[in-house]
Amino acid sequence: MSNKETKIVVLGKSTGMTKDSKRREILKDMNASDVPKEFIDVIKVYLTDGEIIPFEVTNLVDTFSLDDLRDFLQQRKINDRVDLVEIYLDLDLVFTNLESKTNSIFKKHFEN
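Overview of the structure. In this text, all values refer to a predicted model and were calculated from it rather than measured experimentally.

1. Overview of the overall build of the protein chain
Reasoning step 1: A tally of helices and strands in the protein chain yields three helices and six strands.
Reasoning step 2: In the protein chain, which comprises 112 residues, the share counted as buried stands at 30%.
Reasoning step 3: In the form shown here, the protein chain has an accessible surface area of approximately 7,800 Å², with 48% of it arising from carbon and sulfur atoms.

2. Regarding the environment of Asp 41
Reasoning step 1: Within the secondary structure layout, Asp 41 lies in strand 3 (residues 40–47).
Reasoning step 2: Residues Asp 41 and Val 57, spaced 16 residues apart in sequence, show a C-alpha to C-alpha distance of 8.0 Å.
Reasoning step 3: With residues near it in sequence (within four places) discarded, Asp 41 still touches Lys 13, Tyr 88, Leu 89 and Asp 90.

3. Examining the sheet that holds strand 3
Reasoning step 1: Strand order across the open sheet formed by four strands is 1-6-3-4, with mixed pairing between neighbours. Looking at strand neighbours, the two that pair on one side only are strand 1 (7–13) and strand 4 (52–55), the edges of this open sheet. Taking the axes of each pair of neighbouring strands and ignoring which way they run, one obtains an average angle of 25° across the sheet.
Reasoning step 2: Bridge count between strand 3 and strand 4: four bridges; the pairing is antiparallel. The partner of Lys 44 across the bridge, within strand 4, is Pro 54.

4. Here we look at unusual backbone geometry
What is expected of a backbone is that most residues other than glycine have negative phi and most peptide bonds are trans.
Reasoning step 1: A positive phi angle, close to 55°, is found at Lys 77, a residue other than glycine.
Reasoning step 2: Along the chain, Lys 77 falls in the loop between helix 2 (66–75) and strand 6 (82–90).
Reasoning step 3: By relative accessible area, Lys 77 is classed as exposed at 67%.

5. Topic: the packing of aromatic side chains
Reasoning step 1: Counted according to the given criterion, the structure contains two aromatic pairs.
Reasoning step 2: On the basis of an interplanar angle of 90° and a centroid distance of 5.6 Å, the ring pair of Phe 55 and Phe 64 is categorised as edge-to-face.
Reasoning step 3: Note on Phe 55: relative accessible area 6%, which makes it buried.
Reasoning step 4: Each residue in the set Phe 55, Phe 64 and Phe 72 is aromatic and connected to the rest through ring pairs, giving one cluster.

Reading the values: the criteria
- Residues numbered from 1 in each chain as written.
- Predicted model: local features only at pLDDT ≥ 70, side-chain atom pairs only at ≥ 80, totals over all residues.
- Heavy atoms only, no water.
- Helix = DSSP H or I, 4+ residues; strand = E, 2+ residues; numbered from the N terminus.
- Buried < 20%, exposed > 50% of the residue type's maximum accessible area, 1.4 Å probe, protein only.
- Areas by Shrake-Rupley, 256 points an atom, 1.4 Å probe, with all protein chains shown as cover.
- Contact = heavy atoms within 4.5 Å.
- Pairing = 2+ DSSP bridges.
- Axes fitted to C-alpha atoms, helices over the stretch in contact; angles between N-to-C directions.
- Phe/Tyr/Trp six-rings, centres within 6.5 Å; stacked < 30°, edge-to-face > 60°.

Structure, rendered in structure tokens:
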């Protein structure tokens with residue numbers, strides 16, 4: 001990425017779930033450095049000239065990392081032109097997965 005600071009923003013997309021403060025809190029605490037591929041809807045790279053380049057999430061092996069982003073930008077020789085990176089998460093999938101794992105943990109310790 002360029003010498004100037006590049007802003008990386010984690011956003012959430014949800015179609016079936018109601019919006020609430022819990023979802024906003026999780027997004028606030030989310031670190032963009034290691035995100036499971038399955039939770040990423042799309043990643044958009046905005047260049048200083050206004051061009052938007054999609055990051056190919058399907059090419060990821062398991063998780064998204066900032067190293068993956070750096071490699072992507074260097075391969076295209078655009079790392080000095082990046083203004084903003086938006087990472088959109090599939091909140092429906094994140095919360096379904098979180099709820100399932102939480103339920104299985106509590107089920108071991110509590111009856112009905």
